[in-house]
Amino acid sequence: MDKTREHRDLGMGRPIARRDFLNGVAIGITGAYAAWNGISAEAAPVSTMAEAAQYPPLQTGLRGQYPAAVEEFERIRQGKFTQFPVADSELHEEFDLVIVGGGISGLSAAYFYQTALGAEQRILILDNHDDFGGHAKRNEFQYRERTFIGYGGTMGIETPYPYSYCAKALIKELGIEVERGAEFHNREIEEKHNLGIGVFFDREHFGEDRLVAGAGRLPWKTFFEKAPLSEAARKDLIRLHGKNPDYLAGSSEAEKRAQLARMSYQEFLLKIARINPDALPLFLGEGGRNNKRVDTMPALEAARHGAIGFNGLGLKFEESFNEGSYLFHFPDGNASVARLLVGKLIPAALPGKQSMNTIVRAPLDYGKLDAPDSPVRIRLSSPVVRVQHDGPAESARAVRVAYRCDGKLRGVRARHCILACYNGFIPSLLPELPERQREALNYPVKVPMMYTNVLLRNWSAFEKLGVSAISAPGMYHTDCRLDPGTTVGGYRGVSTPEEPILVHLMRNPNKPGLPRKEQNRAGQQELLSTTFEQFEFQIRSQLGRMLGPGGFDPASDIAAITVNRWPYGYAYTYDTLADPDVPPEQRPHVIGRQRFGRVTIANADAGAAAFTNQAIDEAHRAVQELLVHEGLT
Ligand SMILES: Cc1cc2nc3c(=O)[nH]c(=O)nc-3n(C[C@H](O)[C@H](O)[C@H](O)COP(=O)(O)OP(=O)(O)OC[C@H]3O[C@@H](n4cnc5c(N)ncnc54)[C@H](O)[C@@H]3O)c2cc1C
């Protein structure tokens with residue numbers, strides 16, 4: 001099909017809610033854009049540009065780590081700020097603590113510092129985005145006089161790892177009762193409409209496009225008989241999903257573990273379980289913990305997380321992975337946790353007593369985040385470019401922090417500084433760090449990820465096809481699911497197919513075949529260089545192919561798109577294939593997070609685990625280190 005026609009059929013030129021970058025200037029397609037293009041105001045589905053500028057969650061289009069938020073990063077990485085770039089005479093503001101990064105870790109650090117030293121402590125949080133929360137990102141849409149709220153990043157509070165006392169206590173102090181999750185879970189779609197998971201077999205990998213509903217519900221034999229697969233692949237997939245033989249018979253449990261630790265899941269499938277290579281594409285979407293792929297995930301890790309193929313090996317795993325509790329989440333995911341923290345730190349921005357019952361709909365006044373009379377201030381759109389002690393680190397009485405705001409370089413001075421940003425950038429922000437520490441901080445490569453929210457005018461195509469979620473292992477987005485929203489705090493989830501709904505799409509860009517860190521780097525570059533139009537094309541085209549047989553029309557059924565790109569997503573975690581087996585205290589994140597003078601390091605990277613509890617724990621440690629250093633405990 002010729003490109004122009006394909007674009008027209010997909011609705012590429014249609015007015016949807018998004019934000020584009022024309023000559024580097026952010027333009028909302030509604031409001032001003034609609035007027036320029038003769039699009040009627042009614043056709044423009046969401047809030048105006050002015051509203052979105054006042055209230056960042058309403059921004060649509062390219063979000064997450066959007067281009068303007070990270071444009072300073074390249075200059076930082078290139079070492080453009082070896083000298084502190086702001087003259088001493090220009091440092092007019094003084095704080096007790098400056099925190100670089102306003103994610104869950106930075107916000108928690110502010111909270112712990114204030115709790116330890118008193119509410120009058122002057123704290124400044126600097127973040128490069130126009131919204132706080134970091135990965136905890138709220139996406140909001142107003143459509144047909146109703147608000148739809150989605151999560152653009154971290155979703156679940158509970159993790160497979162046990163919460164520390166301190167992280168648990170913080171969640172409780174914020175008024176969140178995780179154990180009440182079941183009360184709020186919106187089960188309408190599964191229970192009333194009886195929808196489940198489908199698998200989309202794509203023509204590039206399986207010879208034809210076909211959506212097969214009933215994964216996990218139908219007997220696997222029946223399910224795979226409906227799929228476009230060769231006889232050999234089908235037979236092997238049925239075997240793998242059933243009771244497997246002991247492929248490593250003759251080896252002891254310890255030997256089996258050692259073997260599995262040294263091979264990828266892909267090697268296990270092809271060489272040990274000996275599946276037909278035609279079946280392998282079904283595993284391409286394999287995310288594994290921390291988004292390891294089928295070719296980068298150690299087979300032992302796959303076995304531990306319950307991947308198929310291992311149940312005949314007789315392995316017993318002690319760890320209990322409690323992912324069931326992921327079921328509780330706010331409609332905006334952990335953005336509600338970030339909002340609750342902001343409410344504690346800056347009550348004027350979020351007045352009243354907030355808890356899990358109120359936070360989702362509580363109006364947050366962004367205009368109050370950086371008020372001069374507030375002891376705690378959050379300064380957004382302010383990337384930090386340089387951090388330097390006033391003199392030698394161990395004897396200095398203060399730290400200077402330079403950041404860019406409104407195109408100008410500015411600076412502040414503080415008694416303490418916490419770096420709650422990304423490990424990989426810290427050596428460039430603070431080049432005075434010892435070489436060994438710099439090397440350790442440079443070791444991890446964050447995982448690139450993409451969470452997209454598409455607002456659909458209705459979801460009757462999903463209902464007709466009998467699916468609420470689609471796994472699409474060979475496609476651009478490997479996962480697609482209806483997000484009816486948790487019914488919590490006065491927010492009403494979606495229940496009928498005629499209602500508009502958010503669809504959540506996931507992609508983990510990578511380059512199969514390369515070592516894991518190289519795959520992460522390639523994925524980061526891909527996300528950084530893809531335009532919104534290119535993302536939009538992929539979204540429309542994929543939804544059209546998967547849902548077309550159910551009557552879905554990508555040109556008319558899409559009301560808005562928000563792409564949250566995260567080139568710097570999950571914290572890097574270690575594994576037996578990609579990382580040397582060293583004692584815990586020699587791990588790069590432990591060496592990297594050492595206190596340096598008046599500066600300490602928080603963020604999930606410092607815990608080498610991509611979880612909310614880790615972000616909180618690292619914040620607590622970073623604050624403790626400052627207090628101990630100064631004898632303030
Ligand atoms: C898509 C996605 C889904 C996830 N899902 C979950 C989940 O369901 N459950 C879970 O527990 N965890 C999840 N995580 C992991 C998540 O990263 C952690 O839970 C936690 O939110 C990390 O918080 P943080 O403050 O450590 O880092 P971040 O959220 O990354 O915050 C760091 C902040 O520092 C800013 N920053 C960086 N450099 C600078 C600079 N030079 N100047 C100023 N600011 C700077 C960043 O832009 C960012 O805003 C997810 C992560 C992603 C990306």
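Everything discussed here concerns the structure shown above.
A brief structural summary. (Residues numbered from 1 in each chain as written. Predicted model: local features only at pLDDT ≥ 70, side-chain atom pairs only at ≥ 80, totals over all residues. Heavy atoms only, no water.)

A count of helices and strands for the protein chain gives 22 helices and 19 strands. For the protein chain, the C-alpha radius of gyration of 25 Å lies close to 26 Å, the compact-globule estimate for 633 residues. Structurally, the protein chain occupies a C-alpha span of about 75 × 70 × 45 Å along its principal axes. By residue count, 60% of the 633 residues in the protein chain fall in the buried class. Considering only contacts in the protein chain between residues 6 or more positions apart, those separated by 24 or more positions represent 73%. Split by element, the accessible area of the protein chain, about 25400 Å² in all, is 51% carbon and sulfur. Computing the positive centroid from 74 side-chain charges and the negative centroid from 76, the protein chain places the two 1 Å apart. (Helix = DSSP H or I, 4+ residues; strand = E, 2+ residues; numbered from the N terminus. Rg over C-alpha atoms; globule rule 2.2 N^0.38 Å. Buried < 20%, exposed > 50% of the residue type's maximum accessible area, 1.4 Å probe, protein only. Contact = heavy atoms within 4.5 Å. Areas by Shrake-Rupley, 256 points an atom, 1.4 Å probe, with all protein chains shown as cover. Lys, Arg positive; Asp, Glu negative; His and termini not counted. Charge placed at Lys NZ, Arg CZ, Asp CG, Glu CD.)

Judged by how many residues are buried, strand β16 (residues 479-483) sits mostly within the fold: 4 of 5 residues are covered. Note: strand β15 (residues 467-471) against β16, 3 bridges, orientation antiparallel. Looking at the pairing, Ile470 lines up with Cys480 of β16. (Pairing = 2+ DSSP bridges.)

Moving on: unusual backbone geometry. Despite not being glycine, Arg144 shows a phi value in the positive range, around 50°. Of note in the backbone geometry, Glu145 takes a positive phi value of approximately 60° without being a glycine. Tracing the backbone through its elements, the reader meets Glu145 in the loop between β6 (138-143) and β7 (146-151). Overall, the relative accessible area of 88% leaves Glu145 in the exposed class.

Further remarks concern the site of the ligand. Of all residues adjacent to the ligand, which total 36 residues, the nearest are Asp127, Asn128, His135, Ala604 and Thr612. Here a nitrogen atom of the ligand and a side-chain polar atom of Thr154 are 3.4 Å apart. Here an oxygen atom of the ligand and a backbone polar atom of Ala604 are 2.8 Å apart. Out of a free accessible area of 980 Å², the ligand has 99% covered by protein chains. Elements represented by at least two residues in the shell around the ligand include exactly α5 (104-117), β14 (449-456) and α22 (612-629). A per-class count over the shell around the ligand returns 19 nonpolar, 16 polar and 1 charged. (Near = heavy atom within 4 Å. Polar contact = N/O pair within 3.5 Å; in protein donor to acceptor, adjacent residues only side chain to side chain. Nonpolar A, V, L, I, M, F, W, Y, C, P; charged D, E, K, R; others polar.)

What follows concerns the packing of α5 against helix α15 (residues 335-345). With their axes 10 Å apart at the nearest point, α5 and α15 run at an angle of 30° to one another. Considered as vectors, α5 and α15 are oriented roughly parallel to each other. The chirality of how α5 crosses α15 is left-handed. Here Ile104, Leu107, Ser108, Ala110, Tyr111 and Gln114 of α5 lie close against α15, whose contacting residues are Val337, Ala338, Leu341, Val342, Lys344 and Leu345. Of the residues belonging to the contact of α5 with α15, the class tally is 9 nonpolar, 2 polar and 1 charged. (Axes fitted to C-alpha atoms, helices over the stretch in contact; angles between N-to-C directions. Parallel < 35°, antiparallel > 145°, perpendicular 65-115°, else oblique. Left-handed = near helix turned anticlockwise from the far one by under 90°.)

Considering all chains together, one arrives at 0 disulfides under this definition. Cysteine Cys417 shares no disulfide, and the gap to the nearest cysteine sulfur, in Cys421, comes to 8.2 Å. Judged by its relative accessible area of 0%, Cys417 falls in the buried class. (Disulfide = S-S within 2.5 Å.)

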